[in-house]
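Below are the chains, spelled out letter by letter.
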Amino acid sequence: HDACHDHPHGHGAIDIHAHYLPQTFLDLVREHAAPYGIEWKMVEGKGPQFKLGHLVTGPVGKKFVDIDTRLQAMDAQGVKAHVMSLSQPMVYWADAQLGLRLSAVYNDALAGCHDQHPDRIFGLAMLPMQDPALAVQEAQRAAKLPGILPISATLGGFMAPPISISRLRCKSSMDTSSARNLLER
């Protein structure tokens, strides 16, 4: 019996569409985004709110930035695990090198959350798709991070059910050529 192929029934829901905005990512956005027309502010008790040109988003809610709040919400909803990805403002507004830095900071923070909650928090890598070579480079690096799948949610490469915690733990069996193939199509 291979633990990578456990059947998920009876193990609790796994939400594969959850977003997270780590403080390290927000700090980098604050430091570099203004020349690109991106603004953000923290709305007291509610989370970040972004302004991208004429579009204003949020505030997105405290569970988007605070893992303890997220875990409480997951427990209240009966959700066993989240597979998290980045939401607006993403990284595509930035030049390629800044997009790579933003992606790496995001992926590292998400891996840190997984380290703290290895059975509950997993992530889809953020990749700087504005530069396919850098996206492949970051996918290869992110594949080595704990709990991070080297596929960006923006690739349309969501995993097909059934998904189990043990299968997510075995993500290292997904080689980075999968990500490269998606990028080179």
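Everything discussed here concerns the structure shown above.
As the structure is a computational prediction, the values presented were derived from the model and not from experiment. (Residues numbered from 1 in each chain as written. Predicted model: local features only at pLDDT ≥ 70, side-chain atom pairs only at ≥ 80, totals over all residues. Heavy atoms only, no water.)

A. Highlighting unusual backbone geometry. Cis rather than trans, the peptide bond between Gly-58 and Pro-59 has omega equal to 10°. At the junction of Gln-88 and Pro-89, the peptide bond is cis and its omega measures out at 20° in the coordinates. With respect to the helices and strands, Pro-89 occurs in the loop between β5 (79–85) and α3 (96–116). The phi dihedral of Met-90 falls on the positive side, at around 55°, and the residue is not glycine. Along the polypeptide, Met-90 turns up in the loop between β5 and α3. (Helix = DSSP H or I, 4+ residues; strand = E, 2+ residues; numbered from the N terminus.)

B. Quick look at the pattern of salt bridges. Counted according to the given criterion, the structure contains 3 salt bridges. For Arg-120, the salt bridge is made with Asp-75, and the minimal N-O distance between the two is 2.8 Å. Placement of Arg-120 in the loop between α3 and β6 (121–124) and of Asp-75 in helix α2 (residues 67–77) is noted, with a sequence separation of 45 residues between them. Among the residues examined, Arg-120 registers a relative accessible area of 18% and is labelled buried. (Salt bridge = Lys/Arg side-chain N within 4 Å of Asp/Glu carboxyl O. Buried < 20%, exposed > 50% of the residue type's maximum accessible area, 1.4 Å probe, protein only.)

C. Structural context of the packing of aromatic side chains. Counted according to the given criterion, the structure contains 3 aromatic pairs. Taking the centre distance of 6.2 Å and the plane angle of 80° together, the rings of Phe-25 and Tyr-106 count as edge-to-face. One end of the pair, Phe-25, is in helix α1 (residues 23–32); the other, Tyr-106, is in helix α3, with 81 residues separating them in the sequence. Given the relative accessible area of 0%, Phe-25 is considered buried. For Tyr-106, a relative accessible area of 0% gives the class buried. Note on Tyr-36 and Trp-93: the rings are 5.2 Å apart at their centroids and 65° apart in plane angle, and the pair reads as edge-to-face. Of the two residues, Tyr-36 is situated in the loop between α1 and β2 (38–43) and Trp-93 in the loop between β5 and α3; the sequence distance between them amounts to 57 residues. Tyr-36 sits in the partly exposed class, given a relative accessible area of 32%. Note on Trp-93: relative accessible area 15%, which makes it buried. (Phe/Tyr/Trp six-rings, centres within 6.5 Å; stacked < 30°, edge-to-face > 60°.)

D. Spatial organisation of the environment of Gly-37. Mapping Gly-37 onto the fold places it in the loop between α1 and β2. For Gly-37, a relative accessible area of 37% corresponds to the partly exposed category. The sequence separation of Gly-37 and His-54 amounts to 17 residues, and the corresponding C-alpha distance is 9.9 Å.

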